[in-house]
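Structural description and commentary
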Amino acid sequence: TTNHLRHVESMASLPSGAGKISHLNAVILGEALASEENDFVFPSDAFSHQALIPSPHKYLEMYKRSIEDPAGFWSGIASSQFYWKQKWGDQVCSENLDVRKGDIKIEWFKGGITNICYNCLDRNIDAGLADKIALYWESNEPGFDAHLTYSQLLHRVCQLANYLKSIGVRKGDAVIVYLPMLMELPITMLACARIGAVHSVVFAGFSSESLAQRIVDCKPKVVITCNAVRRGPKTIHLKDIVDAALVESAKNGISIDVCLTYENQSALKRESTKWQEGRDVWWEDVVPKYPTTCDVEWVDAEDPLFLLYTSGSTGKPKGVLHTTGGYMVYTATTFKYAFDYKESDVYWCTADCGWITGHSYVTYGPMLNGATVVVYEGAPNYPDSGRCWDIVDKYKVTIFYTAPTLVRSLMRDGDEASCISNLVYTLKSPYVTRYSRKSLRVLGSVGEPINPSAWRWFFNLVGGSRCPISDTWWQTETGGFMITPLPGAWPQKPGSATFPFFGVQPVIVDEKGTEIDGECSGYLCVKGSWPGAFRTLYGDHERYETTYFRPFPGYYFTGDGCSRDKDGYHWLTGRVDDVINVSGHRIGTAEVESALVSHPQCAEAAVVGVEHEVKGQGIYAFVTLVEGVPYSEELRKSLILIVRNQIGAFAAPDKIHWAPGLPKTRSGKIMRRILRKIASRQLDELGDISTLAEPGVVDQLIALADS
Ligand code: ATP
Ligand code: MG
């Protein structure tokens, strides 16, 4: 059917991991390791044998079915693995994805009646998981923790659901949630879902203006927050931020009757919390008084589940709307296969529920599978850079899912490992190696392309060369994974997101929107729909069509650039808006950054294009060095050289700008929009920097501009 299918077919003739274990590595590390040959990293035989999808052939068989008969494929999964109060109508999927044929419309399982909270909790409890741990909660302060079984979680969810009903929250009402990573955050999401309310979680790091903007946009019945949180050594007074946001939103005509506030005692006592009588209510005073059972509000598969604003890397955040049925089926299925989920797994995703990753892969995807989930309140490097591995050992985490930014920052903090070959590091990083990490079996990455050197550190050092890495490419808009390794099936290539998930048809198009085949590079689009796709931008269907469906009519446009190599592997090259054109060569930011980061003294890099008289655009690189390494002319030259050698002279940076830190969104993504302004010295046009995690880095960068 598709070009992609042909690529996959040719890939399927590759030998599987069997017999490919490199003796050298096995001898050095004394274990059955994965092996690397010609860029391929094969899963070990032991891993593949136990995997849900053990081979390219099995993948191909299922992938083919998912593309040739999407309705049959997805309805088979939907009816066998979920509870529906009533089956959907005759059409599993009805869609118009072509702007030339009218309004864009995507519907899956329309007419099907279900509830995602019921499917996460009641269904699993009925299947015997009542006493299984649903949530392990780890406090910012080592030594403090808590946990809930599936039946305890259901009780908590029902109490909150009953309370929300008592204050008049009804099906379809919006609820703004501004909570840190407490157990109360997934509890709140599930309680909203139980009564058909639409949650909109706002990352509890956003400013009062950002919060107010979202409150005004979705007009919630209630705002749910907590008084304060400890993150690393800092205490953040969330309730003060909410108070300011409510003042701001009142000015815009939206006043909120109830602000339900959880007293997070380890951070702040209620006596010290500012309070507005009549509006503010302590969670602990009301919620526990409600019954621990609560009838489910049955909803249509196409009723809205939540509204979530994108992280805003490229400008004003978009209010992405997801509905119930398709999202449920898609997040559960992607979770299961991409992480090779087994009932005995203990799963930890470091993302905050304020991002899509926390929606799909902290709360819904894992809980639909009845998984045990670790939720960590604090900072990953607190009290030191070993904290993540401490948590892994404490809970015997088997699946660990994180972001490249975290991998790079942990690499930077005190990693003395030096690379002897691509596969073998001398294990000198005390923060990692003082922990066992033996429980780990699958690793995951999301948020940005993972540089091959960071991939190798993660794979070799953290995962002891045993654990495949699922480098999951997806977006807030896609609801779930789109291009991702299935860990037992494919040999991986460090830095490649590999192949599409079942039912997903990625296509690469040129400027004119023509599909290009074979080894190529261009704009990443998706053909057809998949159940987890977003249905609209809240209150702005026009912007939805313009942003995603008009640029290349007939396709969903992702905004990302991508190349496909001779083996059919997909490599995300960064946002297309960030592509740099040097003397006619189109260069993705990811490629140059990865070359820079492969330098042993470079911890992180971000490149942007600047105007250049001769070349059209020149490459301007911001470089963060490994802790303790001094700036020097010699180092500057060797950084330029490494790019020349790895990519070619045309990609050599024209300028290296030392960067003690890089401007990042609060979800950890580099904001190149701001770097472009600094690079071109348009310092009065930096634009909105309120969504930056640490606005201070901008001044640091400006100060170092000409050093
Ligand atoms: P905005 O759309 O508001 O600018 P955003 O795109 O950063 O924000 P998200 O939906 O959180 O918001 O991020 C999705 C984007 O993250 C993708 O389009 C892609 O650029 C990047 N991304 C996510 N995962 C990967 C990955 N595994 N490899 C490469 N890039 C990734
Ligand atoms: Mg985006």
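Residues numbered from 1 in each chain as written. Chains lettered and ligands numbered in written order. Predicted model: local features only at pLDDT ≥ 70, side-chain atom pairs only at ≥ 80, totals over all residues. Heavy atoms only, no water.

1. What about the confidence of the model for the protein chain?
For the protein chain, the average pLDDT comes to 91, and 92% of its residues sit at 70 or higher. The low-confidence segment residues 13-33, where pLDDT is below 50, has 32 contacts with residues more than four positions distant or belonging to other chains. Ignoring residues within four places in sequence, the model shows residues 415-427, a span with pLDDT below 50, making 36 contacts including any to other chains. If you check the scores for this complex, the pTM reads 0.92 and the ipTM reads 0.99. (pLDDT = per-residue confidence, 0-100. Contact = heavy atoms within 4.5 Å.)

2. A look at the sheet that holds strand β28 (residues 570-575)
The pairing of strands in a sheet happens through backbone hydrogen bonds and is either parallel or antiparallel. In spatial order, the strands read β24-β23-β25-β27-β28; together these five strands make up an open sheet with antiparallel pairing. Every interior strand has two partners, whereas the edge strands, β24 (515-516) and β28, have only one. Two elements, strand β27 (residues 556-564) and β28, share five bridges in a ladder whose sense is antiparallel. The partner of R564 across the bridge, within β28, is H570. (Pairing = 2+ DSSP bridges. Helix = DSSP H or I, 4+ residues; strand = E, 2+ residues; numbered from the N terminus.)

3. Some thoughts on the UniProt feature "domain: AMP-binding enzyme C-terminal" (unreviewed entry) in the protein chain
Under the feature "domain: AMP-binding enzyme C-terminal" (unreviewed entry), the UniProt entry names residues 591-669. The span residues 591-669 carries 27% helix and 32% strand; its end-to-end C-alpha distance comes to 16 Å. (UniProt positions renumbered as here; feature names shortened; annotations may be inferred.)

4. Details of the pattern of salt bridges
Should their charged atoms come close, side chains of opposite charge can pair. The tally for this structure, following the rule as stated, stands at 39 salt bridges. Of the charged contacts in the structure, one is a salt bridge between K171 and D303, with a shortest N-O distance of 3.1 Å. With K171 in the loop between α8 (150-166) and β8 (174-178) and D303 in the loop between β15 (299-300) and β16 (304-309), the pair connects residues that are 132 residues apart, well separated along the chain. Classification of K171 as partly exposed rests on a relative accessible area of 39%. (Salt bridge = Lys/Arg side-chain N within 4 Å of Asp/Glu carboxyl O. Buried < 20%, exposed > 50% of the residue type's maximum accessible area, 1.4 Å probe, protein only.)

5. As for the pairing of strand β23 (residues 505-509)
Successive residues of a regular strand alternate their side chains across the two faces of the sheet. For β23, a buried count of five out of five residues is recorded, marking the element as mostly surrounded by other parts of the structure. With burial as the criterion, each face of β23 is covered, one bearing Q505, V507 and V509 and the other bearing P506 and I508. Where β23 meets strand β25 (residues 520-527), five bridges bridge the pair, whose relative direction is antiparallel. Bridging across to β25, I508 finds its partner in L524. Pairing analysis gives two bridges linking β23 to β24, with the strands arranged antiparallel. Bridging across to β24, I508 finds its partner in I516.

6. As for the environment of N581
Tracing the backbone shows N581 in strand β29 (residues 580-582). On the basis of relative accessibility, which here comes to 31%, the residue N581 falls in the partly exposed class. For the pair formed by N581 and G616, sequence separation is 35 residues and the distance between their alpha carbons is 7.0 Å. Residues in contact with N581, not counting those within four places in the same chain, are R586, K615, G616 and Q617. Within the structure, N581 has its side chain in polar contact with the backbone nitrogen of G584 (distance 3.0 Å). (Polar contact = N/O pair within 3.5 Å; in protein donor to acceptor, adjacent residues only side chain to side chain.)

7. Section: the packing of helix α16 (residues 404-412) against helix α18 (residues 452-462)
Between α16 and α18, the least distance of the axes is 10 Å, while the angle of their chain directions is 75 degrees. If you check the angle between α16 and α18, you find them roughly perpendicular. Counting all contacts with α16, which are made through V407, R408, L410 and M411, the residues of α18 involved are S453, A454, W457 and F458. The residue makeup of the contact of α16 with α18, split by class, is six nonpolar, one polar and one charged. (Axes fitted to C-alpha atoms, helices over the stretch in contact; angles between N-to-C directions. Parallel < 35°, antiparallel > 145°, perpendicular 65-115°, else oblique. Nonpolar A, V, L, I, M, F, W, Y, C, P; charged D, E, K, R; others polar.)

8. Side note on the packing of aromatic side chains
One pass over the full model with this rule turns up 59 aromatic pairs. Ring centres of W84 and F109 lie 5.6 Å apart, and the angle between their planes is 50 degrees; on these two criteria the pair is classed as tilted. Within this pair, whereas W84 is found in the loop between α5 (70-81) and β3 (93-96), its partner F109 is found in the loop between β4 (105-108) and β5 (113-114), the two being separated by 25 residues in sequence. W84 gets classed as buried once you look at its relative accessible area, which sits at 9%. Judged by its relative accessible area of 0%, F109 falls in the buried class. Just above the ring of F206 sits the side chain of R214; from NZ or CZ to the centre is 4.5 Å. Residue placement shows K493 over the ring face of Y569; its charged tip is 4.7 Å from the ring centre. (Phe/Tyr/Trp six-rings, centres within 6.5 Å; stacked < 30°, edge-to-face > 60°. Lys NZ or Arg CZ within 6 Å of the ring centre and 35° of its normal.)

9. Structural notes on the nonpolar core
Membership of the largest hydrophobic core comes to 152 residues, with the highest contact counts inside it found for F109, L153, Y364 and F502. No other element matches α8, which puts nine residues into this core. Excluding its chain neighbours within four sequence positions, the residues that come into contact with F502 are I53, Y59, M62, Y63, S66, F73, W74, Y330, Y337 and L486. If you look at the next biggest cluster of nonpolar residues, it comprises 30 residues, including W348, I391, W455 and F459. (Core = buried A, V, L, I, M, F, W, Y, C linked by side-chain atoms within 4.5 Å.)

10. Some remarks on the UniProt feature "domain: Acetyl-coenzyme A synthetase N-terminal" (unreviewed entry) in the protein chain
Under the UniProt annotation, the feature "domain: Acetyl-coenzyme A synthetase N-terminal" (unreviewed entry) is placed at residues 59-120. Taken end to end, residues 59-120 has its terminal C-alpha atoms 27 Å apart, with 44% of it in helix and 16% in strand.

11. Considerations on a negative patch on the surface
Side chains of D103, D217, D540 and E542 sit close together on the surface and give a patch of like negative charge. For D217, a relative accessible area of 33% gives the class partly exposed. (Patch = residues over 30% accessible without salt bridge, like charges linked within 9 Å, V, L, I, M, F, W, Y side chains within 5 Å. Areas by Shrake-Rupley, 256 points an atom, 1.4 Å probe, with all protein chains shown as cover. Lys, Arg positive; Asp, Glu negative; His and termini not counted. Charge placed at Lys NZ, Arg CZ, Asp CG, Glu CD.)

12. Observations regarding helix α23 (residues 696-703)
Because each turn of an α-helix spans 3.6 residues, side chains separated by three or four positions in sequence point in the same direction. For α23, the full list of buried residues reads V697, V698 and L701. Buried positions in α23, seen along its axis, are confined to an arc of 105 degrees and lie on one side of it. Across α23 from its buried face, at more than 90 degrees, point the exposed residues D699 and A703. The inward-facing, buried residues of α23 contact β32 (616-625), β33 (655-658) and α22 (672-679). (Arc of directions from axis to C-beta.)

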